[in-house]
Amino acid sequence: MEQIFRFETVAEYNALNNHETLHPLVSVIDLSKADPRSWGGEKNVRITYGLYCIFLKDLKGCDIRYGRNYYDYQEGTLVFVAPGQMTVVETDGQVYQPKGHALVFHPDLIHGTSLAKNISDYSFFSYNANEALHLSERERQIVLNCFSEIEYELSHNIDKHSKKLIASNIELFLNYCERFYDRQFITRENVNKGILEKFEDILTHYFSSDKPQKLGLPSVSWCAEELHLSSNYFGDLIKKETGKTAKEFIQDKIINIAKNKIFDANKTLNEIAYELGFKYPQHFTRLFKQKVGITPNEFRNLN
């Protein structure tokens, strides 16, 4: 039976890791200073967080699962968890020593700061477990330097500047993570190209079947699920590879198929719209004109 642990406050998570609470809403933790863990001998432990947590794993001592997937992690890997998410720690039931570092902060810390406005832009907080960020040694050092800057602020007495400075340092750190993910998309280019090809194949097979009539137009989330990726990671990957959003990519595919179908004079435009998965023909006309500059009927007459 899986035990469930909940960490709603920074102080609760600090207590687990033998770490002094210097600020009620944020902490940088050296996990190697925590007591060896056994989780009561349980092999599967569910953990829910009311915090933003970023883990820099230095050593693999246990498996961490989010949903159905295992975190794709090794030494020098960053894992991101947002409030409300649940992870599962899987061990062999034996005692192990955690290693690495963690940055944890409560959502209340960033209220009223620029980070509060931008936090939803950091889509990697919603990536699947198998989409973790792998760091080079230089990137790892930058991460540790960012953690050190936050620790420096925490070592001083809290004053009117503390919140802004700490939130700014966290935002700087997350901006670096965006850059590192961009690098990872590039260095895994061959893998990404394979995903792009599979995406093309999925769309081709979809529109060659009766799925459009039964299910309607394919959504980005449906395509991502078919590729076993999170919607956010999939969308970011497609944008980096093609310069288009995944939705734009799907729409372009629809328009290309529509152009071929329009040449068949035996089909009405309403029939074509239905075959493509549009519930209402006027929606098809609107998208076609938006993408091509003329209506489907005008395109048919021109050709």
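Counting of residues starts from 1 at the beginning of each chain's written sequence and follows it residue by residue. Only residues with pLDDT of at least 70 get local features here, since the model is predicted, and only at 80 or more are side-chain atom pairs given and counted; chain-wide, interface and lining totals rely on the full set of residues. With hydrogens and water excluded, all non-hydrogen atoms of the structure serve as input to the side-chain values.

## Digging into the overall build of the protein chain
- Think of it this way: any DSSP run of H or I at least four residues long counts as a helix, any run of E at least two long counts as a strand, and we number them from the N terminus. Regarding its fold elements, the protein chain presents twelve helices and ten strands.
- In the structure as shown, the protein chain presents an accessible area of about 15,800 Å², 48% of it carried by carbon and sulfur atoms. Surface accessibility follows the Shrake-Rupley procedure with a 1.4 Å probe radius. Residue values consider only the protein chains on display as shielding.

## Considerations on the packing of helix 9 (residues 246-262) against helix 10 (residues 269-276)
- Look at helix 9 against helix 10: their axes get within 10 Å of each other, and the N-to-C directions meet at 145 degrees. Helix 9 and helix 10 meet at a crossing whose hand is right-handed. Here Ile254, Ile257, Ala258, Lys261 and Ile262 of helix 9 lie close against helix 10, whose contacting residues are Leu269, Ile272, Glu275 and Leu276. A fitted line through C-alpha atoms serves as each axis, taken over the contacting stretch for helices, and the angle formed by two N-to-C directions is quoted from 0 to 180°. Crossing handedness is defined as follows: a turn of the near helix away from the far one that is anticlockwise and smaller than a right angle gives a left-handed crossing, while the clockwise case is right-handed. By the convention used here, residues are in contact when the closest approach between their heavy atoms is within 4.5 Å.

## Some thoughts on the pairing of strand 7 (residues 77-81)
- Note on exposure labels: buried denotes an accessible area under 20% of the residue type's maximum, exposed denotes more than 50%, and partly exposed covers the range between, all computed with a 1.4 Å probe on protein chains only. Here strand 7 lies mainly inside the structure; five of its five residues are buried.
- Burial along strand 7 is two-sided: the face carrying Thr77, Val79 and Val81 and the face carrying Leu78 and Phe80 are both buried.
- Being paired, for any two strands, means DSSP has found at least two bridges between them. The pairing of strand 4 (residues 52-57) with strand 7 spans five bridges and is classified as antiparallel. Paired with Phe55 across the strands is Val79, a residue of strand 7.

## Considering unusual backbone geometry
- Positioned with a positive phi, Asn18 is a non-glycine residue whose angle comes to about 55 degrees.
- Tracing the chain through its elements places Asn18 in the loop between helix 1 (10-16) and strand 2 (26-30).
- With relative accessibility at 44%, the residue Asn18 sits in the partly exposed group.
- One non-glycine residue, His228, lies in positive phi territory at about 60 degrees.
- For His228, the location among the structural elements is in the loop between helix 7 (220-226) and helix 8 (231-242).

## Focus: helix 9
- Here, expected helix span is obtained from the residue count minus one, scaled by 1.5 Å. With 17 residues, helix 9 extends 24 Å from end C-alpha to end C-alpha; this agrees with the ideal 24 Å at 1.5 Å per step.
- For helix 9, every residue scored as buried is listed here: Ala246, Phe249, Ile250, Gln251, Lys253, Ile254, Ile255, Ile257, Ala258, Lys261 and Ile262.

## Focus on the packing of aromatic side chains
- Each aromatic pair joins two rings of Phe, Tyr and Trp (for Trp, the six-membered one) with centres within 6.5 Å, and gets the label stacked for planes under 30 degrees apart, edge-to-face for over 60, and tilted for any other angle. Tallied over the entire structure, the rule returns 27 aromatic pairs.
- Put simply, the rings of Tyr52, Phe80, Phe105, Tyr122, Phe124, Phe125, Tyr127, Tyr181, Phe185 and Tyr233 pair up and form one aromatic cluster.

## Notes on the pairing of strand 2
- Within strand 2, four of the five residues are buried, leaving the element largely enclosed by the surrounding structure.
- Two strands pair when backbone bridges link them, and strand 2 and strand 9 (residues 100-105) are joined in this way by five bridges, in the antiparallel orientation. Paired with Asp30 across the bridge in strand 9 is His101.

## As for the environment of Leu174
- Summarising the element assignment, Leu174 is placed in helix 4 (residues 162-187).
- For the pair Leu174 and Tyr122, spaced 52 residues apart in sequence, the C-alpha to C-alpha distance is 7.4 Å.
- Apart from residues lying up to four places away in sequence, Leu174 is in contact with Phe80, Leu115, Ile119, Tyr122, Phe124 and Phe125.

## Some thoughts on the environment of Lys279
- Within the secondary structure layout, Lys279 lies in the loop between helix 10 and helix 11 (281-292).
- In the structure, Lys279 is positioned 64 residues away from Leu215 in sequence and 10.0 Å away in space, judged by C-alpha atoms.

## As for the environment of Ser221
- Looking at where Ser221 falls in the secondary structure, it is placed in helix 7.
- In this structure, the C-alpha to C-alpha distance between Ser221 and Ala246, residues 25 residues apart in sequence, is 9.6 Å.
- Of the polar contacts made by the side chain of Ser221, one reaches the side chain of Ser219; its length is 3.1 Å. Between N or O atoms, a polar contact is any pair within 3.5 Å; within protein, one atom must be a potential hydrogen donor and the other a potential acceptor, and residues adjacent in sequence are included only when both atoms are from side chains.

## A short note on the side chain of Lys253
- For Lys253, the position within the fold is in helix 9.
- The exposure class of Lys253 is buried, given its relative accessible area of 17%.
- Here the side chain of Lys253 touches Thr204 through a polar contact of 3.0 Å, side chain to side chain.
- Each residue touching Lys253, except ones within four places of it in the same chain, is listed here: Glu200, Leu203, Thr204 and Phe207.

## Concerning the sheet that holds strand 4
- Ordered in space as 2-9-4-7-10, the five strands form an open sheet in which the pairing is antiparallel. At either margin of the open sheet sits one strand with a lone partner, and together these are strand 2 and strand 10 (133-134).
- Those strands touched by helix 3 (residues 137-154) are strand 2, strand 4, strand 7, strand 9 and strand 10, and its axis lies near 125 degrees from that of strand 2.

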